[in-house]
Amino acid sequence: MVKYFLGHSVLRSSWDQVFAAFWQRYPNPYSKHVLTEDIVHREVTPDQKLLSRRLLTKTNRMPRWAERLFPANVAHSVYILEDSIVDPQNQTMTTFTWNINHARLMVVEERCVYCVNSDNSGWTEICREAWVSSSLFGVSRAVQEFGLARFKSNVTKTMKGFEYILAKLQGEAPSKTLVETAKEAKEKAKETALAATEKAKDLANKAATKQQQQQQQFV
Amino acid sequence: MNSVGEACTDMKREYDQCFNRWFAEKFLKGDGSGDPCTDLFKRYQQCVQKAIKEKEIPIEGLDFMGHGKEKPENSS
């Protein structure tokens, strides 16, 4: 689940002034949270475009509840990369900016297109899009899915329990529990075995007596 | 503005001055050739790339402009 932002701004300066200012905007009174700025890659393409990558470090300001939830993130500044393409022939500039750490907590990506204002060629407009995402959203979805699965399994047990107790209450003879049935079966088996043993013993005795009687006849 | 490598701040400022002049006076006017700042840039880059490695800042292997493809407006 990504949060999307779309914005539009106008600067009342010409495109070349804005593009030049882009490289000189730090520091300014509104950038106290920007700690360092470095160009880490720059090249001019064969078709006369300027590609640059700027590395910024910014403070990681979070509300107190977030500091308590994510203590490991508090101590570290945020590293941000800003890639840009300046196209002086078409008088446009495109930038893409995103954070390269704290990414497991949250990723913010911003894409800007700077161009000449359609109403006033002496002005510059900025079309800005941003996407805010967090992998924590995936964690909460997993917790929800697990909770629902476990709940459904418990509903099945609830209904089986109900059916069991209803049958018990409504039956003429109380139906036994599995344990009771097992116990009784065991007792019955014991009795049968005992009876069988007794019978066998009895038969054996009877056979022995008969043999004695027969032997006595031939003396 | 400071560099992420403390030792590189002066080199960064020197390079920035050179770049800003060339950018406004040459590049934006259609003359993108002959970059006079290459030596300053080299010195500055040697310093800052070393600092980036030391601080273990993860800038390696990241595609230019993100993924280079259009992002959907609402992705779930």
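Rules used throughout
- Residues numbered from 1 in each chain as written.
- Chains lettered and ligands numbered in written order.
- Predicted model: local features only at pLDDT ≥ 70, side-chain atom pairs only at ≥ 80, totals over all residues.
- Heavy atoms only, no water.
- Helix = DSSP H or I, 4+ residues; strand = E, 2+ residues; numbered from the N terminus.
- Polar contact = N/O pair within 3.5 Å; in protein donor to acceptor, adjacent residues only side chain to side chain.
- Contact = heavy atoms within 4.5 Å.
- Core = buried A, V, L, I, M, F, W, Y, C linked by side-chain atoms within 4.5 Å.
- Buried < 20%, exposed > 50% of the residue type's maximum accessible area, 1.4 Å probe, protein only.
- Disulfide = S-S within 2.5 Å.
- Buried area = accessible area lost by both parts, 1.4 Å probe.
- Salt bridge = Lys/Arg side-chain N within 4 Å of Asp/Glu carboxyl O.
- Nonpolar A, V, L, I, M, F, W, Y, C, P; charged D, E, K, R; others polar.
- Patch = residues over 30% accessible without salt bridge, like charges linked within 9 Å, V, L, I, M, F, W, Y side chains within 5 Å.
- Areas by Shrake-Rupley, 256 points an atom, 1.4 Å probe, with all protein chains shown as cover.
- Pairing = 2+ DSSP bridges.

Colleague: Go over the side chain of A:Asn60 with me, naming the residues and quoting the values.
Modeller: Residues and elements named next belong to chain A. Position of Asn60 among the secondary structure elements: in the loop between β3 (50–58) and α2 (64–69). At a separation of 2.8 Å, a polar atom in the side chain of Asn60 contacts the main-chain carbonyl oxygen of Asn73. Once you skip the residues sitting within four places of it in the chain, Asn60 turns out to touch Asn73, Val74, His76, Val78 and His102.

Colleague: Please provide a residue-by-residue account of the nonpolar core, values included.
Modeller: Of all hydrophobic cores here, the largest spans 39 residues; its most connected members are A:Phe19, A:Leu55, A:Val86 and B:Phe23. Counting only elements with at least two residues in this core, the list comes to α1 (15–22), β2 (34–44), β3, β4 (78–87), β5 (92–99) and β6 (107–116) of chain A together with α1 (9–25) and α2 (38–54) of chain B. Discounting residues that sit within four places of it in the chain, B:Phe23 has contacts with A:Phe19, A:Ala20, A:Trp23, A:Leu50, A:Val86 and B:Leu28. Ranked by size, the runner-up nonpolar core spans six residues in total, among them A:Tyr26, A:Leu56, A:Val78 and A:Ile80.

Colleague: I'd like a description of the state of the cysteines, backed by residues and values.
Modeller: All names here are of chain B. Enumeration according to the criterion identifies two disulfides over all chains in this entry. Between Cys8 and Cys47 runs a disulfide, and the two sulfur atoms are separated by 2.0 Å. A torsion of -85 degrees about the S-S bond marks the disulfide between Cys8 and Cys47 as left-handed. Taken as a pair, Cys8 in the segment before α1 and Cys47 in helix α2 lie far apart in primary sequence, 39 residues in all. The exposure classification of Cys8 matches that of Cys47, with both residues buried. What pairs with Cys18 in a disulfide is Cys37, and their sulfur atoms sit 2.1 Å apart. Around the S-S axis, the bridge from Cys18 to Cys37 shows a dihedral of about -90 degrees and counts as left-handed. Here Cys18, found in helix α1, pairs with Cys37, found in the loop between α1 and α2; they are 19 residues apart in sequence, far enough to count as distant. Residue classification places Cys18 among the buried positions, given a relative accessible area of 13%.

Colleague: Give me the interface of chain B and chain A: which residues, what numbers.
Modeller: Chain B puts 38 residues into the contact, and the matching count from chain A is 44 residues. Interface area for chain B against chain A, summed over the two sides, is near 3400 Å², with a carbon-plus-sulfur share of 65%. Looking at the side of chain B facing chain A, the largest losses of area belong to B:Met1, B:Phe64 and B:Met65, adding up to 21% of the total buried there. Counting across the interface, chain B meets chain A through one salt bridge. One salt bridge connects A:Glu37 with B:Lys12, and the closest N-O pair in it is separated by 2.9 Å. Taken together, the links from chain B to chain A amount to 13 residue pairs in polar contact (both at pLDDT 80 or more). Of all the elements in the fold, those that place two or more residues in the side of chain B that touches chain A are α1 and α2 of chain B. For the side of chain B that touches chain A, the per-class residue count stands at 19 nonpolar, 13 polar and six charged.

Colleague: Can you break down a nonpolar patch on the surface residue by residue, with the values?
Modeller: All names here are of chain A. A cluster of nonpolar residues, Leu148, Phe151, Val155, Met159, Phe162, Tyr164, Ile165, Leu166 and Leu169, forms a patch on the protein surface that exposes about 870 Å² of accessible area. When you line up the elements, Leu148 lands in helix α4 (residues 136–170). For Leu148, a relative accessible area of 44% translates into the label partly exposed.

Colleague: Explain the pairing of β3(A) to me, and be specific about the residues and the numbers.
Modeller: For a regular strand, the rule is simple: side chains alternate between the two faces of the sheet. All names here are of chain A. Most of β3 sits inside the fold, with nine of its nine residues counted as buried. Side chains of β3 alternate between two faces, with Leu50, Ser52, Arg54, Leu56 and Lys58 and Leu51, Arg53, Leu55 and Thr57 buried alike. In terms of strand pairing, β2 meets β3 through nine bridges, oriented antiparallel. From the neighbouring strand, His41 faces β3, where its bridge partner is Arg53. Connecting β2 to the antiparallel partner β3 that follows it, the hairpin turn spans five residues, and Gln48 within it adopts a positive phi of roughly 60 degrees. In the sheet, β3 pairs with β4 via nine bridges, with the strands oriented antiparallel. Within the sheet, the bridge partner assigned to Arg54 lies in β4 and is Glu82.

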